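So the chains spell out like this:
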Amino acid sequence: MGRGLLLAAFVALLAHPAAARIVRLEILRTDPAFGGQQFGDTGAYERVFARAHGEIDPADPENSIIQDLWLAPRNARGLIEYATDLELLKPADMNRGNRVIMVEVPNRGNKLAIAAFNDGVPAGIPGRNALDNPGDGFLMKQGYAVAWFGWQMDLLPGMGRMLMPEVVARYPNGGPVVGVVRSEMTTLAATPTLPISSSWQDAYAPPDSYPTVSTEKTQPLANGFVPTLTVRAREQDPHVPIPNSEWSFATCATGEAPKPDPKSICYKGGFQPGRLYELIYMAKDPLVLGLGFAAARDIGNFLRDAPRDDAGTANPLYRTGQRAILEGSSQAGRMIRSFLQLGFNEGERGARVYDGLYPHIAGGLMPLNVRFGQPGRAWGEQTDHLYPAYDFPFTYTRQTDPLTGRTQGLLDRCTISKTCPLIFHVATALELWEGRQSLGLTDPLGRQDVREPPGVRTYIMTSTQHEPAPLPLATQAPFGNCQQQPNPNPQTWTMRALLTAFTGWVRDGRRPPPSVVPLVRTGNLVPPDQVQFPPIPANSYGGVQRPAIPPGVRPVNQLHVLDYGPEWQPEDDSGIIGIEPPIVRSVSYGVLVPQVDEDGNDYAGIRSVFVQVPIGTYTGWNLGRKDRFENGSCNLRGSFIPFAKTKAEREATGDSRLSLEERYPTKDAYVAQFRAAAQALAEHGLLLPDDAAKLVAEAERDGIRSAP
């Protein structure tokens, strides 16, 4: 009888081979990539435009962590269906590839990997999404197959973004799911109307808004709730109420009557830039956003391991013996960290999905698995400050949090299931200042360094901002929303050296360079008030007028324990938010920042040739200008403050930093220092030999740089 039960179970397993998987691949078209351009030994590339269709069994325990999954619509077999955009960039002859599939998690639907690793890709999201310029073709010459998929359901279409169609949660009787939502609205230009979800990142990727349950906002709802709208000039300022008589759920234009709209706000006084408008309202129709994690899992599983779908459509990337890595920048990197923490790297029959994870500029987590979640929000010091993005655990290492009493690590679930991937965590100095990245390097109070697990490496790129500022820099104020010119210190050369090392580790088992990070024990990771930043006066070096750096003003993004209510699950950054704004507990974590040298450049981490042989000060922070959160953090921007050209110029200005002529008395002296720095980085595997030769040749040709 026991054998009979086992046989029946085996037959059932064959009939239902997976509880979550891609069942159909819809190929829309296949085009030559980059006009048929050849890339070294790899040859030509193709672009495959497709749509992936998946199914989820809500009864399977591996899927039960998805918030509101039971409230999603089901098909005739009781399964939940989803679909997503899928795009593949592949060698026309897969046998000429390098046997690595890089699945990039798009950032708000946008493709960033090509520009992150290929030099010379023009700035601008539309062009990057269109893949109309491969730059120097580094990824292609190396033979990577690259895949992108939609995972964020709340995005509006446009600019070639990768989308995932909505799956709306509704009660079994068809009734709407409702809940309280807080929306922090900002604008770059004065306007009488804003979408409810409006934020400082709208130009990058505007999200859709959750509709209000009622456009009537003067009368309380049945539960007594009344929506509120407030305004303040800085995150730390008191909230000033805007009377309900002054705004409405509507769109409006100057001189016209408002038109009711459940997803927009009309304000008689007009929304102004440099202000935080906070709306707390009752919304309906949340999306089952956690299905984005399932899509990442199922697509990785399919692309690496499945020769074809259920109908026989061939997988264009399939080849035996391949490895798959999941890569993503900023928001997408935080998505990867939460993907890992929530156990989604376990796929069909308990197998590991991705062999490696490469989260880039991604401190914190991604609160995607949330009812009425807002995955486009971040972790700003001024904007988005109180949105869930930083619940403990912070480190891959398991440790105890003295503030909450929990003991956790990001690898807990994959350790139990034996599905942990190899990990390269790559960040910039800005993540230390604005993104609380130090919490991933230390204990929660910032008192001691934390030892990493064997399968994890962390690399901090010193004196860099979130994404390098494109050149040429603006030569007169305003410098965007900032006081200083932004930081153009490039990441490309470090990023491709690290990717090469990561590929060697994941695919070939070659040991990578050790982690390179600032440390508490060496005095290079310190409390903000211990940073010995040099006084830099106002100057006009190179004909550009710059203000002085205000003494002692440093926009550090501190973190307190936040209480979102009893149905919030902080251990998983998941659940239902019931308290808005959250209760800010008095206890705070120990956020640290990098110590600097006499020039104001970071001491520890990966110091690029541009930091080792500098022409100015490169920081991971910048200050907001007047009427733009003044002296607070200027979102995602570092600073570049050049050195004086001559000793006389710096002395006349009162600048303690040595001038260019004092540092590099001749071109040969500059080139010698530059060459030595490049060679040392190459020897440690932190700069590719070909890239080192290229950069040295440019220094020999151009001499001392006079501008970034």
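Please refer to the structure higher up on the page.
Residues numbered from 1 in each chain as written. Predicted model: local features only at pLDDT ≥ 70, side-chain atom pairs only at ≥ 80, totals over all residues. Heavy atoms only, no water.

Visitor: Looking at this structure, I do not really get the overall build of the protein. What am I missing?
Guide: Within the protein, the regular secondary structure consists of 14 helices and 29 strands. For 708 residues, the compact-globule formula gives about 27 Å, and the C-alpha radius of gyration of the protein, at 26 Å, lands near that figure. Per-residue burial for the protein yields a buried fraction of 59% across its 708 residues. The long-range fraction of contacts in the protein, counting pairs at least 24 apart against all pairs at least 6 apart in sequence, stands at 75%. Put simply, the protein shows about 27300 Å² of open surface, and 53% of that area lies on carbon and sulfur atoms. Here the protein holds 68 positive side-chain charges and 75 negative ones, and the gap between their average locations is 2 Å. (Helix = DSSP H or I, 4+ residues; strand = E, 2+ residues; numbered from the N terminus. Rg over C-alpha atoms; globule rule 2.2 N^0.38 Å. Buried < 20%, exposed > 50% of the residue type's maximum accessible area, 1.4 Å probe, protein only. Contact = heavy atoms within 4.5 Å. Areas by Shrake-Rupley, 256 points an atom, 1.4 Å probe, with all protein chains shown as cover. Lys, Arg positive; Asp, Glu negative; His and termini not counted. Charge placed at Lys NZ, Arg CZ, Asp CG, Glu CD.)

Visitor: How do you make sense of the state of the cysteines when you look at a structure like this?
Guide: A covalent bond bridging the sulfur atoms of two cysteines is what the word disulfide describes. Per the counting criterion, the structure on display carries three disulfides. The disulfide that involves Cys-252 links it to Cys-266, with 2.2 Å between the sulfurs. Residues Cys-252 and Cys-266 share a disulfide whose torsion about the S-S bond is about 100°; that sign makes it right-handed. Placement of Cys-252 in the loop between β11 (250-251) and β12 (259-260) and of Cys-266 in strand β13 (residues 264-271) is noted, with a sequence separation of 14 residues between them. Each of the two residues, Cys-252 as well as Cys-266, counts as buried. For Cys-482, the disulfide goes to Cys-634, at an S-S distance of 2.0 Å. Because the torsion about its S-S bond is -80°, the bridge between Cys-482 and Cys-634 counts as left-handed. Placement of Cys-482 in the loop between β21 (456-461) and α9 (492-508) and of Cys-634 in the loop between β28 (616-618) and β29 (640-642) is noted, with a sequence separation of 152 residues between them. Residue Cys-482 is classed as buried on the basis of its relative accessible area, which comes to 6%. Bonded cysteines in the protein are paired 1-2, 3-4, 5-6 when counted in the order they occur along the chain. (Disulfide = S-S within 2.5 Å.)

Visitor: Looking at this structure, I do not really get the side chain of Asp-443. What am I missing?
Guide: Residue position: Asp-443 is located in the loop between α8 (429-433) and β21. In this structure Asp-443 is buried but unpaired, with Arg-447 as the nearest side chain of opposite charge at 5.5 Å. Reaching out from Asp-443, the side chain makes a polar contact with the backbone nitrogen of Leu-445 at a distance of 3.0 Å. Contacts of Asp-443, omitting those with residues within four sequence positions, involve Gln-399, Gln-448 and Val-450. (Salt bridge = Lys/Arg side-chain N within 4 Å of Asp/Glu carboxyl O. Polar contact = N/O pair within 3.5 Å; in protein donor to acceptor, adjacent residues only side chain to side chain.)

Visitor: How do you make sense of the nonpolar core when you look at a structure like this?
Guide: One recurring pattern in soluble globular proteins: nonpolar side chains tend to sit buried together. Ranked by size, the top nonpolar core spans 80 residues in total, and within it Ile-265, Leu-279, Leu-291 and Leu-303 carry the most contacts. Per-element tally for this core: the top contributor is helix α5 (residues 291-305), with eight residues. Excluding its chain neighbours within four sequence positions, the residues that come into contact with Ile-265 are Met-185, Pro-192, Thr-193, Leu-194, Ile-196, Leu-229, Trp-247, Ser-248, Phe-249, Ala-250, Phe-271 and Leu-279. (Core = buried A, V, L, I, M, F, W, Y, C linked by side-chain atoms within 4.5 Å.)

Visitor: It is not clear to me how the environment of Val-609 should be interpreted in this structure. Could you clarify?
Guide: With respect to the secondary-structure elements, Val-609 resides in helix α10 (residues 609-612). Val-609 gets classed as buried once you look at its relative accessible area, which sits at 2%. Through-space distance from the C-alpha of Val-609 to that of Ala-351 is 42 Å; in sequence the pair is 258 residues apart. Among all residues touching Val-609, those that are not within four sequence positions of it are Phe-674, Ala-677, Ala-678, Leu-681 and Leu-695.

Visitor: How should I be thinking about α9 in this particular structure?
Guide: For an α-helix the count is 3.6 residues per turn, leaving residues at separations of three or four pointing the same way. Over its 17 residues, α9 runs 23 Å from end to end, which matches the ideal 24 Å to within 8%, given 1.5 Å per residue. Taking burial as the measure, the 17 residues of α9 include 14 buried ones, the bulk of the element. Once α9 finishes, Gly-509 follows within two positions and takes phi at roughly 75°, a positive value. (Expected span 1.5 Å × (residues − 1).)

Visitor: Honestly, the sheet that holds strand β6 (residues 178-185) in this entry has me stumped. Any pointers?
Guide: Paired through backbone hydrogen bonds, the strands of a sheet run either parallel or antiparallel to each other. Across the sheet, four strands lie side by side as β6-β14-β8-β9; this open sheet has antiparallel pairing. Of all strands in the sheet, those with a lone pairing partner are β6 and β9 (240-241), marking the two edges. Taken together, the eight bridges between β6 and strand β14 (residues 276-284) define a ladder with antiparallel strand orientation. Paired with Glu-184 across the strands is Glu-278, a residue of β14. (Pairing = 2+ DSSP bridges.)

Visitor: Looking at this structure, how should I read the packing of aromatic side chains?
Guide: Two numbers describe a pair of aromatic rings. These are the distance of the centres and the angle of the planes. By the definition in use, this model includes 27 aromatic pairs. Here Phe-293 and Phe-344 contribute two aromatic rings whose centre-to-centre distance is 5.4 Å and whose plane-to-plane angle is 25°, an arrangement assigned as stacked. On the criterion of sequence distance, the pair formed by Phe-293 in helix α5 and Phe-344 in the loop between α6 (331-341) and β16 (356-360) is long-range, its members being 51 residues apart. Arranged with centres 5.9 Å apart and planes meeting at 65°, the rings of Phe-339 and Tyr-354 form a pair that is edge-to-face. (Phe/Tyr/Trp six-rings, centres within 6.5 Å; stacked < 30°, edge-to-face > 60°.)

Visitor: Help me understand the pattern of salt bridges in this model?
Guide: When charged atoms on two side chains of opposite charge get close, those side chains can pair. Summed over the entire model, instances satisfying the criterion amount to 37 salt bridges. With a closest N to O distance of 3.6 Å, Arg-232 and Glu-184 form a salt bridge. With Arg-232 in strand β8 (residues 228-232) and Glu-184 in strand β6, this pair connects stretches of sequence that are 48 residues apart. Look at Arg-232 and you get buried, because its relative accessible area is 4%. Classification of Glu-184 by relative accessible area gives buried; the value is 1%. Notably, a salt bridge pairs Arg-607 with Asp-597, separated by 2.9 Å at the nearest N-O pair.

Visitor: Just to check I follow, could you spell out the sheet that holds β13 for this structure?
Guide: Reading across from one edge, β7-β13-β10 is the order of the three strands in this open sheet, with antiparallel pairing throughout. The open sheet has two edge strands, β7 (191-195) and β10 (247-248), and neither has a second partner. Relative to β13, β7 is paired through four bridges, and the arrangement is antiparallel. By the bridge assignment, Leu-194 is partnered in β13 with Ile-265.

Visitor: When you look at the pairing of β13 in this model, what are you seeing that I'm missing?
Guide: Looking along a regular strand, one sees the side chains alternate between the two faces of the sheet. The buried fraction of β13 amounts to six of the eight residues, a majority that puts the element mostly inside the structure. By the bridge criterion, two bridges tie β10 to β13 in an arrangement that is antiparallel. From the neighbouring strand, Ser-248 faces β13, where its bridge partner is Cys-266.

Visitor: Help me understand the packing of helix α13 (residues 667-683) against helix α14 (residues 689-702), please; the structure alone is not making it clear to me.
Guide: Taken N-terminus to C-terminus, the directions of α13 and α14 make an angle of 175°; their axes are 9 Å apart at the nearest point. In terms of their interaxial angle, α13 and α14 are classed as roughly antiparallel. Across the interface between the two elements, Lys-667, Tyr-670, Val-671, Phe-674, Arg-675, Ala-678 and Ala-682 of α13 pack against Ala-692, Leu-695, Val-696, Ala-699, Glu-700 and Arg-701 of α14. Looking at the contact of α13 with α14, its residues break down into nine nonpolar, no polar and four charged. (Axes fitted to C-alpha atoms, helices over the stretch in contact; angles between N-to-C directions. Parallel < 35°, antiparallel > 145°, perpendicular 65-115°, else oblique. Nonpolar A, V, L, I, M, F, W, Y, C, P; charged D, E, K, R; others polar.)

Visitor: Is there a simple way to explain unusual backbone geometry in this structure?
Guide: Note: most peptide bonds trans; most residues except glycine with negative phi. With an omega dihedral of 5°, the bond running from Ala-477 to Pro-478 counts as a cis peptide bond. Looking at the secondary structure, you find Pro-478 in the loop between β21 and α9. Residue Pro-581 follows Glu-580 across a cis peptide bond; omega there is -10°. With respect to the helices and strands, the residue Pro-581 is situated in the loop between β25 (574-576) and β26 (583-588).

Visitor: Mind showing me how you'd approach the environment of Gly-455 here?
Guide: Within the secondary structure, Gly-455 is located in the loop between α8 and β21. The buried category is assigned to Gly-455, whose relative accessible area is 19%. Not counting the four nearest positions on each side in its chain, Gly-455 is found in contact with Pro-421, Leu-422, Ile-423 and Trp-505.

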